[in-house]
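For reference, the chains in residue letters:
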Amino acid sequence: MKIRLEMDSSIAEDEIVIRCSTLSDEIQRVQKTLADLALGQQKFVFYKGDTEYYLSLENVLFFETEEKTIYAHTVGDMYQVKYRLYELEEILPGHFMRVSKSTILNIHKVYSIQRNLTASSLVEFQSTHKQVYVSRHYYKPLKIKLEEKRRLS
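Note that the coordinates shown come from a computational prediction; the quantities given were computed from them, not determined experimentally.

Rules and cut-offs
Residues numbered from 1 in each chain as written. Predicted model: local features only at pLDDT ≥ 70, side-chain atom pairs only at ≥ 80, totals over all residues. Heavy atoms only, no water. Helix = DSSP H or I, 4+ residues; strand = E, 2+ residues; numbered from the N terminus. Buried < 20%, exposed > 50% of the residue type's maximum accessible area, 1.4 Å probe, protein only. Contact = heavy atoms within 4.5 Å. Areas by Shrake-Rupley, 256 points an atom, 1.4 Å probe, with all protein chains shown as cover. Lys, Arg positive; Asp, Glu negative; His and termini not counted. Charge placed at Lys NZ, Arg CZ, Asp CG, Glu CD. Polar contact = N/O pair within 3.5 Å; in protein donor to acceptor, adjacent residues only side chain to side chain. Phe/Tyr/Trp six-rings, centres within 6.5 Å; stacked < 30°, edge-to-face > 60°. Lys NZ or Arg CZ within 6 Å of the ring centre and 35° of its normal. Pairing = 2+ DSSP bridges. Axes fitted to C-alpha atoms, helices over the stretch in contact; angles between N-to-C directions.

### As for the overall build of the protein
1) Next: Per the secondary structure count, the protein includes three helices and ten strands.
2) Next: Ordered by position from N to C terminus, the α and β elements of the protein give α-β-β-β-β-β-α-β-β-β-β-β-α.
3) Next: If one aligns the C-alpha atoms of the protein with their principal axes, the spans along those axes are about 50 × 40 × 25 Å.
4) Next: Counting across all 153 residues of the protein, residues that qualify as buried make up 31%.
5) Next: Considering only intrachain contacts with a sequence separation of at least 6, the fraction spanning at least 24 residues in the protein is 41%.
6) Next: On the protein, roughly 11200 Å² of surface is accessible, and the fraction owed to carbon and sulfur atoms is 49%.
7) Next: The average position of the 22 basic charges and that of the 21 acidic charges among the side chains of the protein differ by 8 Å.

### Looking at the side chain of Arg98
1) Next: Within the secondary structure, Arg98 sits in strand S6 (residues 96-100).
2) Next: Here the side chain of Arg98 touches Glu89 through a polar contact of 3.1 Å, side chain to side chain.
3) Next: Engagement of the side chain of Arg98 in a polar contact is seen with the backbone oxygen of Lys101, the distance being 2.7 Å.
4) Next: When near neighbours in sequence (up to four residues on either side) are disregarded, Arg98 contacts Leu85, Tyr86, Glu89, Thr103, Ile104 and Tyr138.

### Focus: the packing of aromatic side chains
1) Next: What the rule picks out here adds up to six aromatic pairs.
2) Next: Considering the side-chain rings of Phe63 and Phe96, the 5.8 Å spacing of their centres and the 55 degrees angle between planes classify their relative orientation as tilted. Residue Phe63 is located in strand S3 (residues 62-66), and its partner Phe96 is located in strand S6; the two are separated by 33 residues in the primary sequence.
3) Next: A connected cluster of aromatic rings, assembled from ring pairs, spans Phe44, Phe46, Tyr53, Tyr79 and Tyr83.
4) Next: One Lys or Arg, Lys48, reaches over the ring of Tyr79 and ends 5.1 Å from the middle of that ring.
5) Next: When the ring centre of Tyr47 is taken as origin, the NZ or CZ atom of Lys82, which lies over that ring, is 4.6 Å away.

### A short note on unusual backbone geometry
Only a minority of non-glycine residues have a phi that is not negative, and only a minority of peptide bonds are not trans.
1) Next: For Glu67, which is not a glycine, the phi torsion comes out positive at approximately 55 degrees.
2) Next: A relative accessible area of 82% places Glu67 in the exposed class.
3) Next: The phi dihedral of Ser127 is positive, around 65 degrees, even though this residue is not glycine.
4) Next: Topologically, Ser127 is positioned in the loop between strand S9 (121-125) and strand S10 (131-134).

### A short note on the sheet that holds S9
1) Next: Strand order in the open sheet made by the three strands is S8-S9-S10, with antiparallel pairing throughout. Edge positions in the open sheet fall to strand S8 (110-114) and S10, since each of these has one partner strand only. On average, each strand axis in the sheet is tilted by 25 degrees relative to the strand beside it, whichever way the strands run.
2) Next: With four bridges connecting them, S8 and S9 associate as antiparallel partners. Bridge assignment links Val110 to a residue of S9, and that residue is Phe125.

### What about the pairing of strand S5 (residues 78-81)?
1) Next: Of the two faces of S5, the one holding Tyr79 and Val81 is buried and the one holding Met78 and Gln80 is not buried anywhere.
2) Next: Pairing geometry for strand S4 (residues 69-73) and S5, over four bridges, is antiparallel. Opposite His73, over in S5, you have Met78 as the bridge partner.
3) Next: Adjacent in sequence and paired antiparallel, S4 and S5 are bridged by four residues.

Here is the structure:
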């Protein structure tokens, strides 16, 4: 695969084009990585009371449902989000994944997993007391994703 960069000061918006003879797994991974990178740089609007906050998704540890409200948790705070969990699943980058009926997790922020064979496993994050539970159904997909991340790092 060759990579070429063309600069043109006359264009209004940057664009990335991938040309390929067939859509291979490698090309799909490159496309997904670029899309996730672009999305990860976007700032979502978070709310606390009457104040709007513009934070990078990289600051978010996890999204969680409490009753009918969705909250984004950072190391030191929590903010309300105007999306439903199923909507977040569609628009968040690939390093976010659902880990229970009520939680979407940023795998880049996972510090440890305390496995429990009979119930939910406990995920901890560095530099905070916050924790989430991973249901048994989502434990194996989470471990696979964490392994992929470790191999790519």
